[in-house]
Amino acid sequence: MKKYAPMISVITAGVLWGVISFFIKALSAAGLDAMQIGFIRLAVAAPVFTLIIAITDRKKLKIDLRDIWMFAGTGIVSIVLFNICYFYTMIHSQASVAVVLLYTSPVFIMLLSAVIFKEKITAVKLFALVMTVAGCTLVAGLSGSSGLTPLTLATGLASGLFYGLYTIFGRFALKKYDTATVTVCTFILGLIGSLPISKAADTYSKVTSSPKLILLCLGIGIFCTVVPYFLYTLGLSGMESGKAAILVAVEPMVGAVIGMTFYHESRSPLKLAGILLILGALVVLNLPTADKGENYS
């Protein structure tokens, strides 16, 4: 059983990230917008991450101020903008579509890595790119049933871009800092960066008006952020990152199933084919011959 622990940890992390739509839909129904929900997620997760690291290894909270740009990249450019685009797409389109478009991120990582790190774009990578583009086209709804507008399609793809940027900025930060340090500083900078656009006073007023909303906020911050992050990290310690990246693809599958089951979203053959193409591209990109990267929701 012990040998399966890393695999179980990674899959569980993917499932917990995948059920985030329950919390987003509920908070949206309470009158909170994408920017406010993103702020809530960071406002809960950042202090919890910081407290855990402060208790376990306080030295990991120290950084050189000259490196603050790295964490502004992972925290503000990536996490804040990713949350806003992802949550907006999920609120205004379909949960199943939003979570699948998010998983176009490996393609953006591939293209950006070619420019920034001079990594080669191989035939395998190009094949995965074609699969992703084809999948997005089908998910976008050639049948007209996906609920996507040009704006939500753009924010859905943007969520994949900003999600992928975490890996790009993270590669610079991880050359010098521990994973725990990168994560804590990312969430702290993300929280600071989201304050000016979060309508904090209005957010606080709405959240504290109902015990149910407080529980939902704790859920999205702990249940869908802190816990899956540590489970994913635990899993990575016992397996190759490429295998972990494939296993964590259970996230879009869970998101798609939730959307089609609980929110009665479209189950058209074209949409399902598009989902399979995007998931297939993720698998292709993580074959032994492809470069491997880490993904965090």
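The subject of this paragraph is the overall build of the protein chain. Looking only at helices and strands, the protein chain has 14 helices and zero strands in total. When the helices and strands of the protein chain are listed from N to C terminus, the series reads α-α-α-α-α-α-α-α-α-α-α-α-α-α. With the C-alpha coordinates aligned to their principal axes, the bounding extent of the protein chain is approximately 45 × 45 × 40 Å. Looking at the protein chain as a whole, 52% of its 297 residues qualify as buried. Taking all contacts inside the protein chain whose residues are at least 6 apart in sequence as the whole, residues at least 24 apart take part in 87%. Roughly 12,900 Å² of accessible area belongs to the protein chain as shown, and the carbon and sulfur atoms make up 73% of that amount.

Right, let's talk about the environment of leucine 101 for a bit. Residue position: leucine 101 is located in helix α5 (residues 95–102). Distance in space between the C-alpha atoms of leucine 101 and isoleucine 275 is 8.9 Å, their sequence separation being 174 residues. With sequence-adjacent residues up to four places away left out, leucine 101 is seen in contact with Cys136, Leu148, Leu153, Gly156, Leu157 and Gly160.

Let us look at the packing of aromatic side chains. Considering all chains together, one arrives at 15 aromatic pairs under this definition. Seen in terms of ring centroids, phenylalanine 49 and tyrosine 229 are 5.5 Å apart; in terms of plane orientation they differ by 85°. Their pairing is edge-to-face. Placement of phenylalanine 49 in helix α3 (residues 34–56) and of tyrosine 229 in helix α11 (residues 211–236) is noted, with a sequence separation of 180 residues between them. Residue classification places tyrosine 229 among the buried positions, given a relative accessible area of 8%. Relative to phenylalanine 172, the ring of phenylalanine 117 has its centre 5.4 Å away and its plane inclined at 40°; by these criteria the two rings are tilted. In this pair, phenylalanine 117 is assigned in the loop between α6 (105–116) and α7 (123–139) and phenylalanine 172 in helix α8 (residues 150–174), connecting sequence segments 55 residues apart. Taken together, the ring pairs in this structure connect Phe82, Tyr86, Phe87, Tyr103 and Tyr163 into an aromatic cluster. Across from the ring centre of tyrosine 263, 5.4 Å away, lies the NZ or CZ of lysine 25, which sits over that ring. When the ring centre of phenylalanine 117 is taken as reference, the NZ or CZ atom of arginine 171 above it lies at 3.9 Å.

With phi around 60°, lysine 118 is a residue other than glycine that occupies positive phi space. With respect to the helices and strands, lysine 118 occurs in the loop between α6 and α7. Of note, the phi angle at histidine 264 is positive, near 55°, even though the residue is not glycine. Summarising the element assignment, histidine 264 is placed in the loop between α13 (250–262) and α14 (269–285).

Within this model, the second largest pocket holds a volume of roughly 180 Å³. Lining the second largest pocket are Phe39, Ile40, Ala43, Val44, Ala200, Thr203, Tyr204, Val207, Thr208, Ile214, Cys217 and Leu218. Elements that contribute at least two residues to the lining of the second largest pocket include exactly α3, α10 (200–207) and α11. Per-class residue counts for the lining of the second largest pocket are 10 nonpolar, two polar and no charged.

The grouping of Ile214, Leu215, Leu218, Ile222 and Val227 at the surface amounts to a nonpolar patch, some 390 Å² of accessible area in total. Mapped onto the fold, isoleucine 214 is located in helix α11. Isoleucine 214 sits in the partly exposed class, given a relative accessible area of 36%.

Two side chains with opposite charge may pair up if their charged atoms get near one another. This model, assessed by the stated rule, comprises seven salt bridges. A salt bridge links lysine 60 to aspartate 178; the nearest nitrogen and oxygen atoms lie 3.6 Å apart. With lysine 60 in the loop between α3 and α4 (68–92) and aspartate 178 in the loop between α8 and α9 (179–194), this pair connects stretches of sequence that are 118 residues apart. Looking at lysine 60, the relative accessible area reads 27%, which means it is partly exposed. Residue aspartate 202 is joined to lysine 206 by a salt bridge in which the shortest nitrogen-to-oxygen separation is 3.4 Å. Note that aspartate 202 and lysine 206 are positioned in helix α10 at a spacing of four residues, about one turn of the helix. Its relative accessible area of 34% is what places aspartate 202 among the partly exposed residues.

All right, on to the nonpolar core then. Generally speaking, a soluble globular protein has its nonpolar side chains buried in company with each other. Counting 57 residues, the largest nonpolar core has Leu27, Tyr86, Phe87, Ile220 and Tyr232 as its most contacted members. For tyrosine 86, the contacting residues outside a window of four places in its chain are Ile20, Ala98, Val99, Leu102, Ser159 and Glu251. Formed by 23 residues, the second largest nonpolar core is a distinct cluster that contains Phe39, Val184, Phe187 and Leu191.

Our next topic: the confidence of the model for the protein chain. Per-residue confidence for the protein chain averages 88 on the pLDDT scale, and 93% of its residues sit at or above 70. The model gives residues 290–294 a pLDDT under 50, and that stretch makes 16 contacts with residues more than four places away or in other chains.

Each value, and the rule that gives it
- Residues numbered from 1 in each chain as written.
- Predicted model: local features only at pLDDT ≥ 70, side-chain atom pairs only at ≥ 80, totals over all residues.
- Heavy atoms only, no water.
- Helix = DSSP H or I, 4+ residues; strand = E, 2+ residues; numbered from the N terminus.
- Buried < 20%, exposed > 50% of the residue type's maximum accessible area, 1.4 Å probe, protein only.
- Contact = heavy atoms within 4.5 Å.
- Areas by Shrake-Rupley, 256 points an atom, 1.4 Å probe, with all protein chains shown as cover.
- Phe/Tyr/Trp six-rings, centres within 6.5 Å; stacked < 30°, edge-to-face > 60°.
- Lys NZ or Arg CZ within 6 Å of the ring centre and 35° of its normal.
- 1 Å grid on protein atoms, 1.4 Å probe; cavity = no way out; pocket = protein on both sides within 12 Å on 5 of 7 lines; lining within 4 Å.
- Points joined across faces, edges and corners; volume = space filled by probe spheres on them.
- Nonpolar A, V, L, I, M, F, W, Y, C, P; charged D, E, K, R; others polar.
- Patch = residues over 30% accessible without salt bridge, like charges linked within 9 Å, V, L, I, M, F, W, Y side chains within 5 Å.
- Salt bridge = Lys/Arg side-chain N within 4 Å of Asp/Glu carboxyl O.
- Core = buried A, V, L, I, M, F, W, Y, C linked by side-chain atoms within 4.5 Å.
- pLDDT = per-residue confidence, 0-100.

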